[in-house]
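Architecture at a glance
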Amino acid sequence: MECDEKLVRFRQAHLNPFNKQLGQGQHDQEAGDDLSCRDSLLGLSHGDPGFQCSERVMDLGLAEDHFSRPVGLFLASDIQQLRQAIEECKQVILELPEHSERQKDAVVRLIHLRLKLQELKDPSEDEPNIRVLLEHRFYKEKSKSVKQTCDKCNAIIWGLIQTWYTCTGCYYRCHSKCLNLITKPCVRSKVSHQAEYELSICPETGLDSQDYRCAECRAPISLRGVPSEARQCDYTGLYYCGNCHWNDLAIIPARVIHNWDFEPRKVSRCSMRYLALMVSRPVLKLREINPLLFNYVEELVEIRKLRQDILLMKPYFITCKEAMETRLLLQLQDRQHFVENDEMYSLQDLVDIQAGRLSCSLTEIHTLFAKHIKLDCERCQAKGFVCELCKEGDVLFPFDSHTSVCTDCSAVFHRDCYYDNSTTCPRCARLSLRKQSLFRGPSAEEQA
């Protein structure tokens, strides 16, 4: 009976939501320290009935109070109040003993306050999934765990609590609150309309030509770093501020073509995105830009010969049913320009040539193509040639290393036979006689 009476008094003192008195002074003393710390972090008064129950009662599961505020509810409703609560929480953390449980709880409360402040700063989640701005096509990202950096404000994007967008064209990333501050058009549009490189090595004009301002955002800059450090882009030669130039490294096309130099240099963010989009585009005609490069880089000569052989194999595959069914030409789908011409190169091609990757992969594809034509396919074998100069029985193909091709009729001969023969091509002579007989035939019949 005595225990039941104590339990009744205990519930009356602690569970009545309308009773603001704590009953016994003993319970005030036990919960005083914890309540003072918790209320100071959350900005609650000590008279709030929702937080006057001791932790012992809550552990028993008897302290359900539908009239009190939830523990995670912050009373601060605007940014100013949240900032004040954050400062007070910082002060409490400094006053509490180090590595104590109360200090750890205070740190957790501080994190919640900061997250709440960030939520109030950011726009609401009810934003469109697609935003079109300055030819950018922004899509709202769904990922919450990936840590990114905003290309506009240079701050970290916290995907768990912030809304952010990515341009599908140039992969420009920014907060939703930074969308309306973007001033640079999408680089993808420039790549689509005017796909060409700057072929002069770091064409610097000086800070005075830029009026001592950033080439992109027009912020004041100087070489002394006051008010902002001027950083030069090795691709454009222009100067940028720290927000537009993050010291990203990229291979400069002009240095590759003129000096065969693949050392990455510092470029601006805009140049970095442009070079990344242009790296696989075949826009470099080396024979016109720097024809002497083939005299100094042996790998280029080897790649050019392999590409010429592949172009000679292409007619066999187009007219071969088996080759079309197996789609042999799709072996070069990543480098489609290799089956169109032998002059154009992309920057990625030159990087792979210097690293030795392209030579190995292209040799394997060349061997696969030659095996189909000369061994696997009877139809392609039937399209071979026999040397009409030496009359030997081996079948020749225009892509063989020991053959020569007539430039007029495309007949194939042994290289030694072709250059040792002082007369004209037998096939060309036969075709000319046939044409003459066709022209003479109708005239002879008319005379008869």
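Structure report, in brief. As the structure is a computational prediction, the values presented were derived from the model and not from experiment. (Residues numbered from 1 in each chain as written. Predicted model: local features only at pLDDT ≥ 70, side-chain atom pairs only at ≥ 80, totals over all residues. Heavy atoms only, no water.)

**Some words on the packing of aromatic side chains**
- Under the counting rule described, the total for this entry stands at 7 aromatic pairs.
- Ring centres 6.3 Å apart and planes at 85 degrees place the aromatic pair Y316 and F399 in the edge-to-face group. With Y316 in helix α11 (residues 298-318) and F399 in the loop between α15 (378-381) and β13 (403-405), the pair connects residues that are 83 residues apart, well separated along the chain. Here the two residues Y316 and F399 agree in accessibility, since each one is buried.
- Ring-pair connections join several aromatic residues into one group, and the members of that group are Y316, F397 and F399.
- The ring of Y345 has R307 lying over it, and the distance from NZ or CZ to the ring centre is 4.7 Å. (Phe/Tyr/Trp six-rings, centres within 6.5 Å; stacked < 30°, edge-to-face > 60°. Helix = DSSP H or I, 4+ residues; strand = E, 2+ residues; numbered from the N terminus. Buried < 20%, exposed > 50% of the residue type's maximum accessible area, 1.4 Å probe, protein only. Lys NZ or Arg CZ within 6 Å of the ring centre and 35° of its normal.)

**What to know about the state of the cysteines**
- Counting across every chain of the model gives 0 disulfides.
- C150 takes part in no disulfide bond, and the closest cysteine sulfur, belonging to C153, lies 3.5 Å away.
- Residue C150 is classed as buried on the basis of its relative accessible area, which comes to 0%. (Disulfide = S-S within 2.5 Å.)

**Quick notes on unusual backbone geometry**
- Within the chain, R218 stands out as a residue other than glycine whose phi angle is a positive 65 degrees.
- Looking at the element boundaries, R218 is found in the loop between α6 (187-193) and β7 (231-232).
- By relative accessible area, which is 40% here, R218 ends up partly exposed.

**Digging into the pairing of strand β5 (residues 164-167)**
- Here β5 shows two buried faces, one formed by W164 and T166 and the other by Y165 and C167.
- As judged from the 3 bridges shared by strand β2 (residues 136-140) and β5, these two strands associate in the antiparallel manner. Bridge assignment links F138 to a residue of β5, and that residue is C167.
- Looking at chain direction, β5 and strand β6 (residues 173-175) are connected through 3 bridges and run antiparallel. Opposite T166, over in β6, you have R173 as the bridge partner.
- Where β5 hands over to β6, the hairpin turn is made up of 5 residues, of which Y171 adopts a positive phi near 60 degrees. (Pairing = 2+ DSSP bridges.)

**Some details on the sheet that holds strand β1 (residues 130-133)**
- Overall, antiparallel pairing links the 4 strands, which are arranged β1-β2-β5-β6 in an open sheet. Both outer strands of the open sheet, β1 and β6, are each paired with one neighbouring strand and no more. Pairs of neighbouring strands in the sheet enclose a mean axial angle of 30 degrees, with direction left out of account.
- Two strands pair when backbone bridges link them, and β1 and β2 are joined in this way by 4 bridges, in the antiparallel orientation. Bridge pairing in β2 links I130 to Y139. (Axes fitted to C-alpha atoms, helices over the stretch in contact; angles between N-to-C directions.)

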